[in-house]
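A look at the structure
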Amino acid sequence: MNGIERSWVVAVSLLLAVAACGDESSTEAPESPEPEVPVASSPPQPEVEPSPAAEPEPPPPSGHAVARVGALLFDASTGEVGFEVPPLGKGLGKGLGKGPTAPAGLTVNVVGEKDGRLKVETLVAQPSEHHCAGTLDGLKDFRLRLYVSPDDLLPVVTEQVTQEFSDGTKLRVARGVTVPPGGTLVAGGTTVEVAVPEGSLGRYYEPSEPFSEKTEQDPLFSREGATLTYDGGKLLAEDSLYRRGEGLARFGTVNEAGGALVTVRNACLEVTAKTTNERANTKMAVPAVRKFEAGTEEAVGILGMMAKEEGHFLASPYGAAFAVGGDDEDVWGGLTGTEVGEAFGVGGLGLVGAAKPKFSVKAGTAIVWADGKPAGQVTSDHTFEAEPREQAGNSCFDVALTGEPTPTVVLCFAPGDVIRTEPPAVAGIGALGGVRSAGESGYGTGSGAGFGGRGKRVPRVRQAKAKVKGSLDKDIIRRIVRAHINEVRYCYNQGLARDPGLKGRVVIQFTIGPTGKVPVTVVQSTTLSDKNVANCIAKAVKRWKFPKPSGGGNVVVTYPFLLEPG
């Protein structure tokens, strides 16, 4: 072994000795550790991903809207009982609905949503609100809760729209005007073409004030050949614009070399239209009202002409009074209670009709449907002419939806909420003017006190306006029908014997042949629940004989009868 090898051996030996010493020291007992204190711990929780913030629910629909004509209005969100929105257009206020085009729908107030239908309320008489669609005039004193499908709402102008044209003319359209496809609007009865921006188009709107009819400008009078145009020559119909005397109310005039710009309005539309300078500057004096001495032929002639053209209540210089209605029903009354046609004369004053009890409900009274479900509330004191009928323990009335007798809806009230008012007794001569059957002669046998005492009431049969196609005068047909009116009343009496509250409208269509006989009659429509009455009337009409039509052709007549209990 050389020196180097010996040096490595010594070094390794020393290292092994040091390691052995270290192992011995490790065999000593370790110091006692301090006792551990147990720490309470919760079980492991599963990891949860942070959820996105929940989106707020959209607010329920609200605001005013327009339900289309023909839409179904239900008395419950899930029920199928209700009525259709009828055609509208009458009694809608000045400058609204008086033109050739009636409103496209019914204005309602949307207050919520339930079961997929909108909860709406009918509008009541509120002068502070103005709407450009129709309302149900017969329900103006009642606020009814109803339900309608959202699909039956029409798009409307939600913000006032103004459109200017290159020829200087301009349109301004109010909120609430319906917007049918194609851009042709009917605003207050006047048809115009205007593009409505998407931001001003929707289903709900807030009512606004009507365009004012107050003006200090001279009226705009008609002039032959001078029309009102806008947007390069589009004709503006003038029927439904505000009027002032014999002319149109105007709200500004600018005379130019090529013609004048004149501003005219109705409640929902303002148009700056173009016309001739001659028309814009025409001054026309309103004719003075002529006075006539009472009882002169001239006075009677003028009054007679007015009655023939428009329908007025007139007083003759001889003490009798009579009314000529514009609805094909002439009503007469004289000192002796003479009856003409089916009208029942009242003596003394010559007035038509007799005092009878009335039935009223006060504002705030609850309304229920015929099945007893809540329907709404009375908003203004209302008086009913007809006596109520009892139904499911309530007092119920048929209420016309519009100014026409039909269609109707049944509104009911708790019996204690209906107030019966008896007519006051009037002292005086009571024998004159009693009711008599048609065709009877002589004095009536009045049973009431005072002027106009009336005997037993009888069912009322009225004739509405007829449609005639053919060469036979409408007035002749009306006189023949009136001569047979008792046959219609007989049929109605048969129905009243089965249902004392029976009332409604029957429309009979019949053909008058070349000889004047009636070969064909059909019931075109009826609102009576008793169909036998309508069939009876149709059979009666088939027995009637009319004058021969001129030219020997056929005449087709559509004749409505309005039936009301006495």
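The shown structure was predicted, so the numbers you read here are calculated from the model rather than taken from an experiment.

1. Things to note about the state of the cysteines
- The full count for this structure, using the stated rule, is 3 disulfides.
- With a sulfur-sulfur separation of 2.1 Å, Cys132 is cross-linked through a disulfide to Cys268. As the torsion about the S-S bond is roughly -110 degrees, the Cys132-Cys268 disulfide counts as left-handed. Linking Cys132 in the loop between strand S5 (117-122) and strand S6 (142-148) with Cys268 in the loop between strand S18 (260-265) and strand S19 (269-275), this pair joins segments that are 136 residues apart in sequence.
- Taking relative accessible area as the criterion, Cys132 reaches 6% and is therefore assigned buried.
- A residue is classified by how much of its surface remains accessible, and Cys268, at 0% relative accessible area, is buried.
- Disulfide pairing places Cys491 opposite Cys536 at an S-S distance of 2.1 Å. Torsion about the S-S bond of the Cys491 and Cys536 cystine: about -65 degrees, corresponding to left-handed handedness. Taken together, the residues span a long stretch of sequence, with Cys491 in helix H5 (residues 485-498) and Cys536 in helix H6 (residues 531-542) at a distance of 45 residues.
- Each bonded cysteine of the protein gets a number by its place in the sequence, and the pairs then read 1-2, 3-4, 5-6.

2. A few points about H6
- If you check H6, its first and last C-alpha atoms are 17 Å apart, about what 12 residues at 1.5 Å a residue would give, namely 16 Å.
- Turning to H6, its buried residues number three or more, namely Val533, Ala534, Ile537, Ala538, Ala540 and Val541. Buried residues of H6 fall within an arc of 160 degrees about the axis and therefore sit on the same side.
- Buried residues belonging to H6 abut H5, strand S33 (504-512), strand S34 (520-526) and strand S35 (555-564).
- The backbone nitrogen of Asn532 has a side-chain oxygen 3.0 Å away, supplied by the residue at the start of H6, namely Asp530.

3. Describing the packing of aromatic side chains
- Scanning the entire structure with this criterion turns up 8 aromatic pairs.
- By way of ring pairs, the aromatic residues Phe142, Phe384, Phe397 and Phe413 are connected into one cluster.
- Over the ring of Phe211 we find Arg172; its NZ or CZ atom is 4.2 Å from the centre of that ring.
- Stacked on the ring of Phe251, the Lys or Arg Arg265 has its end atom at 4.0 Å from the ring centre.

4. A few points about the pairing of S5
- Of all the 6 residues making up S5, 5 are buried; the element is thus mostly covered by neighbouring parts of the structure.
- Pairing of strand S4 (residues 105-114) with S5, which is carried by 6 bridges, proceeds in the antiparallel orientation. Following the sheet pairing, Asn109 is matched in S5 by Glu121.
- The hairpin turn running from S4 into S5, its antiparallel successor, is 2 residues long, and Asp115 in that turn takes a positive phi close to 55 degrees.
- Sheet analysis places S5 next to S6, joined by 4 bridges and oriented antiparallel. The partner of Leu118 across the bridge, within S6, is Val148.

5. Focus: H5
- Between the first and last C-alpha of H5 there are 21 Å, a value that for 14 residues agrees with the 20 Å anticipated at 1.5 Å per step.
- Ile485, Val488, Arg489, Cys491, Tyr492, Gly495 and Leu496 are the residues of H5 that are buried. Projected onto a plane normal to the axis of H5, the buried residues spread over an arc of 160 degrees and lie on a single side. Among the exposed residues of H5, those pointing more than 90 degrees away from its buried face are Tyr490 and Ala497.

6. Focus: the environment of Ala540
- As for its placement among the helices and strands, Ala540 is situated in helix H6.
- Considering only alpha carbons, one finds Ala540 and Tyr490, 50 residues apart in sequence, at a separation of 9.8 Å.

7. Topic: the pairing of S4
- Pairing geometry for strand S1 (residues 63-68) and S4, over 6 bridges, is antiparallel. Residue pairing in the sheet places Val66 in a bridge with Thr107 of S4.

Calculation criteria
- Residues numbered from 1 in each chain as written.
- Predicted model: local features only at pLDDT ≥ 70, side-chain atom pairs only at ≥ 80, totals over all residues.
- Heavy atoms only, no water.
- Disulfide = S-S within 2.5 Å.
- Helix = DSSP H or I, 4+ residues; strand = E, 2+ residues; numbered from the N terminus.
- Buried < 20%, exposed > 50% of the residue type's maximum accessible area, 1.4 Å probe, protein only.
- Expected span 1.5 Å × (residues − 1).
- Arc of directions from axis to C-beta.
- Contact = heavy atoms within 4.5 Å.
- Polar contact = N/O pair within 3.5 Å; in protein donor to acceptor, adjacent residues only side chain to side chain.
- Phe/Tyr/Trp six-rings, centres within 6.5 Å; stacked < 30°, edge-to-face > 60°.
- Lys NZ or Arg CZ within 6 Å of the ring centre and 35° of its normal.
- Pairing = 2+ DSSP bridges.

By themselves, these observations are geometric and do not establish any function.
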